[in-house]
There are 2 protein chains.
Amino acid sequence: MTESPGQTAPAGESAAFEDEDYRRAVIDLLGAIAYGELTAFDRLAADATLAPSLEDKIAISQMACVEFGHLVQLRDRITELGADPSAAMAPFRVALDLFHAHTAPADWWEGLIKAHVGDGMAADFYREIAAYLDTRTRDLIVSSLEDAGQSDFVVDRVRAAIAADPRLGGRLALWGRRLMGEALTQAQRVAAEREALSALLAGGVDRPALDLAAIGRMFIRITERHAERMAVLGLDA
Amino acid sequence: MTESPGQTAPAGESAAFEDEDYRRAVIDLLGAIAYGELTAFDRLAADATLAPSLEDKIAISQMACVEFGHLVQLRDRITELGADPSAAMAPFRVALDLFHAHTAPADWWEGLIKAHVGDGMAADFYREIAAYLDTRTRDLIVSSLEDAGQSDFVVDRVRAAIAADPRLGGRLALWGRRLMGEALTQAQRVAAEREALSALLAGGVDRPALDLAAIGRMFIRITERHAERMAVLGLDA
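Scoring rules and cut-offs
- Residues numbered from 1 in each chain as written.
- Chains lettered and ligands numbered in written order.
- Predicted model: local features only at pLDDT ≥ 70, side-chain atom pairs only at ≥ 80, totals over all residues.
- Heavy atoms only, no water.
- pLDDT = per-residue confidence, 0-100.
- Helix = DSSP H or I, 4+ residues; strand = E, 2+ residues; numbered from the N terminus.
- Contact = heavy atoms within 4.5 Å.
- Core = buried A, V, L, I, M, F, W, Y, C linked by side-chain atoms within 4.5 Å.
- Buried < 20%, exposed > 50% of the residue type's maximum accessible area, 1.4 Å probe, protein only.
- Phe/Tyr/Trp six-rings, centres within 6.5 Å; stacked < 30°, edge-to-face > 60°.
- Least-squares fit on C-alpha atoms with pLDDT ≥ 70 in both.

*Asks:* Quick rundown of the confidence of the model for chain A? Include the residues and the values.
*Replies:* All names here are of chain A. For chain A, per-residue confidence averages 86 on the pLDDT scale, and residues scoring 70 or more make up 90% of the total. Element-level mean pLDDT values for chain A span from 41 in helix α1 (residues 5-8) up to 96 in helix α4 (residues 85-89). Within the model, pLDDT remains below 50 along residues 1-9, and this stretch shows 5 contacts once partners closer than five positions in the same chain are excluded. Quick note on the complex model: pTM equals 0.84, ipTM equals 0.81.

*Asks:* Hey, could you go over the nonpolar core for me, with residue numbers and the actual values?
*Replies:* Across soluble globular proteins, nonpolar side chains have a tendency to be buried as a group. Residues A:I113, A:I141, B:I113 and B:I141 are the most contacted members of the largest nonpolar core, which totals 143 residues. Contacts of A:I113, omitting those with residues within four sequence positions, involve A:G118, A:V158, A:L172, A:W175, A:L179, A:L233 and A:L235.

*Asks:* Now, about the environment of B:L235: what can you tell me, with residues and values included?
*Replies:* Residue and element names in this part refer to chain B. Relative to the helices and strands, L235 resides in the segment after α11 (212-232). Judged by its relative accessible area of 5%, L235 falls in the buried class. With 35 residues separating them in the primary sequence, L235 and L200 have C-alpha atoms 35 Å apart. In this view, L235 contacts I113, I162, G169, L172, A173 and M230; residues no more than four positions away in its chain are not counted.

*Asks:* So what's going on with the side chain of A:D124? Residues and values would help.
*Replies:* With respect to the secondary-structure elements, A:D124 resides in helix α6 (residues 108-130). Beyond its immediate sequence surroundings of up to four residues, A:D124 is in contact with A:I222, A:R225 and A:R229.

*Asks:* Please set out the packing of aromatic side chains residue by residue, giving values where relevant.
*Replies:* The way to describe two aromatic rings as a pair is by their centre distance and the angle between their planes. Enumeration over the complete set of coordinates arrives at 9 aromatic pairs over all chains. With centroids separated by 6.3 Å and ring planes inclined at 35°, the aromatic side chains of B:F125 and B:F219 adopt a geometry described as tilted. One end of the pair, B:F125, is in helix α6 (residues 108-130); the other, B:F219, is in helix α11, and 94 residues separate them in sequence. Residue B:F125 is classed as partly exposed on the basis of its relative accessible area, which comes to 24%. Here the aromatic cluster, defined as three or more aromatic residues joined through ring pairs, consists of A:F41, A:F68, B:F41 and B:F68.

*Asks:* Which residues make up the relation of the copies chain A and chain B, and what are the values?
*Replies:* Relating the two copies of this chain is a rotation about some axis coupled with a shift parallel to it. Rotating chain A by 180° and moving it 0.0 Å along the rotation axis overlays it on chain B with an RMSD of 0.0 Å. Here the two chains are linked by the operation of a two-fold rotation axis. Considering only C-alpha atoms, the part of chain A nearest the rotation axis is A:C65, at 2.7 Å. When the interface residues of chain A are mapped onto chain B, 100% of them again lie at the interface, so the same face is used by both copies.

Right, here's the structure in full:
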């Protein structure tokens, strides 16, 4: 075990944390991502039970454990910032649980697409936000959102399945659009309800604000990346 | 990544592996334990969805990932021994899936007892067998069966719950007996069906046999340890 620098030296923190609003916003953001990782673990573990082979089951379970490893890092950082991880995650339970309830995969293929496309969208969104934060928070978020190995695995499996049954492509393309729509609905809910996060987007003394035009451009980039991921899978966005 | 010594130096293997029956028996045993770890991962991840708090949910999910880590080690060793991991696990799917189907926890508490008592029994059984094997196989099995942290967590949670509701103790004591009975049923099924494993128990040129008396004493020890675990939980065995 290496020593965690943050525990011994609060001085090692970015000056941005002297702003209490900033600290609260970062805790909010880490709480949202952490709960997202926990639900990703849940969902991938549930998807694993649908796997057509032991090899696929192990591959998906491994992804679940990678997501869980990210959660642990985020939880420890929330604690280091003086907050309770469960309390930090709690405000995001409704939105993320609703997202998952509304997008329960009907089969193995829908689960694969959700793992790849859903996590990809979430990662793009959080990375966009992270660009406005202190270096340490940004690095933690970026490493938490690293691909858990799903991309190659999912692309390989889905392309082969569509080649074998082209009708599957139509159904999965619709599924991808539904995931995008539901993600936007829940993201808007969170943005409307969480003042700390909204304040973050509004900027601070030493931080640039995300004006409406910037937010608009951000959503265009996220939508474009979603379309690219769908195209790699051989699906219309 | 460190180099795996087995891939470059089959000479590093115990001389016991020159006996093809021994090699097959070890692959069988590792396959059984590996599939057990995979089902443990599944089950703990499913139990996590029943957790009464985010803290409990994270604790159980962490155990699931520890079990998965063991599976990865076993899978890699099976590959190193020249076998296909999925094929090595396949013969044990029916018995282990039936065990889990017959002992699906009705609630969080039954899940906790199963994680603790079920895994404890399996670990005792495999450790007994491991004592008859070459050092490397024995070490791998023993490390794969290390407590994933469930003992302290489960003992703490279950004792507190029984103190708050003594009737829960009666129900969970019955549940513990059912787990033991079902485990014995499935263990007998495996012993009867898997010739390689039976041959292992029968010994070899340079290995002692487990005679019937030794097997009898082994089951007495496993039963005693089960009773001890139940007692620590405050439950009659």
